[in-house]
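# Coordinates in review
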Amino acid sequence: MRLSRYFMPVLKEDPKEAQIVSHRLMLRAGMIKQQAAGIYSWLPLGFKVLNRIQQIVHEEQQRAGHIPMLMPTLQSADLWRESGRYDDYGEEMLRINDRHKRDLLYGPTNEEMITDIFRSHVSSYKDLPLTLYHIQWKFRDEIRPRFGVMRGREFLMKDGYNFDLTKEDALHAYNRHLVSYLRTYERMGLQAIPMRADGGPIGGDYTHEFLVLAETGESEVFYDSQITDLKFGDRQIDYDSVTECKAVLEEFTSRYARTDETHDEAIFGQIPEERRRTARGIEVGQIFYFGTKYSEPMGATVVGPDGNRVPVHMGSHGIGVSRLLGAIIEASHDDKGIIWPEGVTPFHVGIVNLKQGDVGTDSACEALYAELKTQGLDALYDDRDERAGAKFATMDLVGLPWRITVGPRGLANNKVELTSRRTGESVELSPQEAIARVKEIYQPVFAAAF
């Protein structure tokens, strides 16, 4: 993309309404525009990152054997009355009447609807196990929406639902989701710690939240510092293996890590003092096992091996897709702007032309731009007639991980400058070497794709 043709309305000053770094930088970088309290339009740059995140979520869900689908945003209130949650959910639920005075709601989650779909089409244990998921917009009428996309009223979420014959099978699905989430977050450049949490309005005895440590986190968290040394890495997991998935769960949840809702000071006090940590965290996902909480009242049953009908065991599993943008920025920025991890960056590399209009630099930039595209790399070429300082400031603000700077002095020696946004370190290379180096950097990112 050429910046002269792109729609990226950057702001020079910090918006007064932005209270935290991610909200401020997303507005300044022209990623979002507020339309109402807690409701945003996603402008091209923000939408591009949102799609990168969605793609990783889709790939890791399908790698784990989960099946994508799509459910509507509006739901019938009758389904929620069946489960008993319609009156229990409170004022966060946006309730609507259509022209026929039928009660509808803008879904905050989809347990009831997916259970209705399941009971309409599945009747035998032979069709289990089954896990369905979708990525869809949700709405929760927060009393005080704030912090930009971190605590908005409308948000994009991946929610998945498993259906299993027994508790043991459903707990394997729980473990499988935990493994897939660890892979998902690491591909985004995040360390998201699974912490024992409260079931809330969704319910369930088994639940873990995934939290990214950040000063602006809404939750107070307590944990053993050893857990931050754990990395999933590029290990290969057989998602059908109960043993392998359970081993990963035990590895990542055996050390103390809890939110303030489930914190136990007595257990925490048994950890050596030098390893006890208290911090704040941003929730970016949660997994639940809730047994037959929905299947029993809604009649989601199957015929078991013995010929008798039994309610299925269920769980639900969410990832805050739009919230992840804010969490990534909170975890990865400096005073100049965003620093995108390679896995989610809107563009793989930026090209800065130091002397727009000069035949030599224009030609070299065009050649770089074309060759990067040929190599499968998405470049943002700043071809505006602006001074160099303004171009560098824009690139630093939007946070592309790598920048290639092209100027007449370097080209005289067949050199361009490749700069890391994270470290600020630069190296002079030939244009061909710079392309090869960027391609090498992104090879692990491409290899991780499903």
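With an unreviewed UniProt entry as reference, the protein chain is termed Proline--tRNA ligase, source organism Paracoccus broussonetiae. The heading Sequence similarities (unreviewed entry) in the UniProt record of the protein chain holds the text "Belongs to the class-II aminoacyl-tRNA synthetase family. ProS type 2 subfamily." Recorded under Subcellular location (unreviewed entry), the UniProt text for the protein chain is reproduced unchanged: "Cytoplasm".

### Thoughts on helix H6 (residues 242–253)
With twelve residues, H6 should reach 16 Å at 1.5 Å per residue; the first-to-last C-alpha distance of 16 Å fits that figure. Listing the buried residues of H6 in full gives Cys-245, Val-248, Leu-249 and Phe-252. Down the axis of H6, the buried set is contained in an arc of 100 degrees. They therefore lie on one face. On its buried side, H6 packs onto helix H5 (167–187) and strand S9 (192–196).

### What about unusual backbone geometry?
Of the consecutive residues Leu-128 and Pro-129, the connecting peptide bond is found in the cis state with omega at 0 degrees. In the Ramachandran plot, Lys-101 falls in the positive-phi region, its phi being about 65 degrees despite a non-glycine side chain. Mapped onto the elements of the fold, Lys-101 is located in the loop between strand S5 (94–97) and strand S6 (103–106). Notably, Asn-414 is not glycine yet its phi reads approximately 60 degrees, a positive angle. Residue position: Asn-414 is located in the loop between helix H12 (408–411) and strand S22 (416–420). Taking relative accessible area as the criterion, Asn-414 reaches 39% and is therefore assigned partly exposed.

### Comments concerning the sheet that holds strand S4 (residues 74–76)
Within the open sheet, the three strands sit side by side as S4-S6-S5. Their pairing is antiparallel. Here the strands that pair on one side only, and so sit at the sheet edges, are S4 and S5. If you compare each strand with its neighbour and ignore which way they point, the axes differ by 40 degrees on average. In terms of strand pairing, S4 meets S6 through three bridges, oriented antiparallel. Residue pairing for S6: Ser-76 is matched across the bridge by Leu-104.

### Side note on the nonpolar core
The biggest cluster of nonpolar side chains holds 74 residues, and the ones touching the most others in it are Met-31, Ile-53, Tyr-185, Phe-210 and Val-284. The greatest single-element share of this core, amounting to eight residues, is contributed by H5. Sequence-distant contacts of Tyr-185, defined by excluding residues within four places in its chain, comprise Leu-190, Ala-192, Phe-210, Val-284, Gly-285, Ile-319 and Leu-324.

### Here's the deal with the packing of helix H2 (residues 44–63) against H5
Across the interface, H2 lies against H5 with an axial gap of 9 Å and an inter-helix angle of 150 degrees. Taken together, the axes of H2 and H5 are roughly antiparallel relative to one another. As H2 packs across H5, the resulting crossing turns out to be right-handed. Here Ile-56, Val-57, Glu-59, Glu-60, Gln-61 and Arg-63 of H2 come into contact with H5, specifically with His-177, Ser-180, Tyr-181, Arg-183, Thr-184 and Arg-187.

### Quick word on the sheet that holds strand S20 (residues 379–382)
Sheet architecture is open: five strands sit in the order S20-S19-S21-S22-S23, paired in mixed fashion. The open sheet has two free edges, formed respectively by S20 and strand S23 (426–429), since each of these has just one partner strand. The mean inter-strand angle of the sheet, taken between neighbouring strand axes irrespective of direction, is 20 degrees. Pairing geometry for strand S21 (residues 402–406) and S22, over four bridges, is antiparallel. Residue pairing for S22: Arg-403 is matched across the bridge by Thr-419.

### Structural notes on the pairing of strand S16 (residues 313–320)
The element S16 is extensively covered by neighbouring structure, given that eight of its eight residues are classed as buried. Along S16, one buried face is formed by His-313, Gly-315, His-317 and Ile-319 and the opposite face, lined by Met-314, Ser-316, Gly-318 and Gly-320, is buried too. Of the pairings in the sheet, the one linking strand S8 (residues 154–164) to S16 comprises eight bridges and is antiparallel in character. Looking across to S16, one finds that Asp-159 is bridged to Gly-318. Of the pairings in the sheet, the one linking strand S13 (residues 276–291) to S16 comprises six bridges and is antiparallel in character. When the bridges of S16 are listed, Gln-286 appears paired with Gly-318.

### A short note on the pattern of salt bridges
Summed over all chains, the structure comprises 26 salt bridges. Between Glu-59 and Arg-187 there is a salt bridge, with the nearest N and O atoms lying 2.7 Å from each other. Here Glu-59 is found in helix H2, whereas its partner Arg-187 is found in helix H5, with 128 residues between them in sequence. Residue Glu-60 pairs with Arg-187 through a salt bridge whose shortest N-O separation is 2.8 Å. Separated by 127 residues along the polypeptide, Glu-60 in helix H2 and Arg-187 in helix H5 bring together distant segments of the chain. Look at Arg-187 and you get buried, because its relative accessible area is 17%. Residues joined by salt bridges that share partners form a network here, namely Glu-59, Glu-60, Arg-63, Arg-183 and Arg-187.

Here is what the cut-offs are and how they apply
- Residues numbered from 1 in each chain as written.
- Predicted model: local features only at pLDDT ≥ 70, side-chain atom pairs only at ≥ 80, totals over all residues.
- Heavy atoms only, no water.
- UniProt positions renumbered as here; feature names shortened; annotations may be inferred.
- Helix = DSSP H or I, 4+ residues; strand = E, 2+ residues; numbered from the N terminus.
- Expected span 1.5 Å × (residues − 1).
- Buried < 20%, exposed > 50% of the residue type's maximum accessible area, 1.4 Å probe, protein only.
- Arc of directions from axis to C-beta.
- Contact = heavy atoms within 4.5 Å.
- Pairing = 2+ DSSP bridges.
- Axes fitted to C-alpha atoms, helices over the stretch in contact; angles between N-to-C directions.
- Core = buried A, V, L, I, M, F, W, Y, C linked by side-chain atoms within 4.5 Å.
- Parallel < 35°, antiparallel > 145°, perpendicular 65-115°, else oblique.
- Left-handed = near helix turned anticlockwise from the far one by under 90°.
- Salt bridge = Lys/Arg side-chain N within 4 Å of Asp/Glu carboxyl O.

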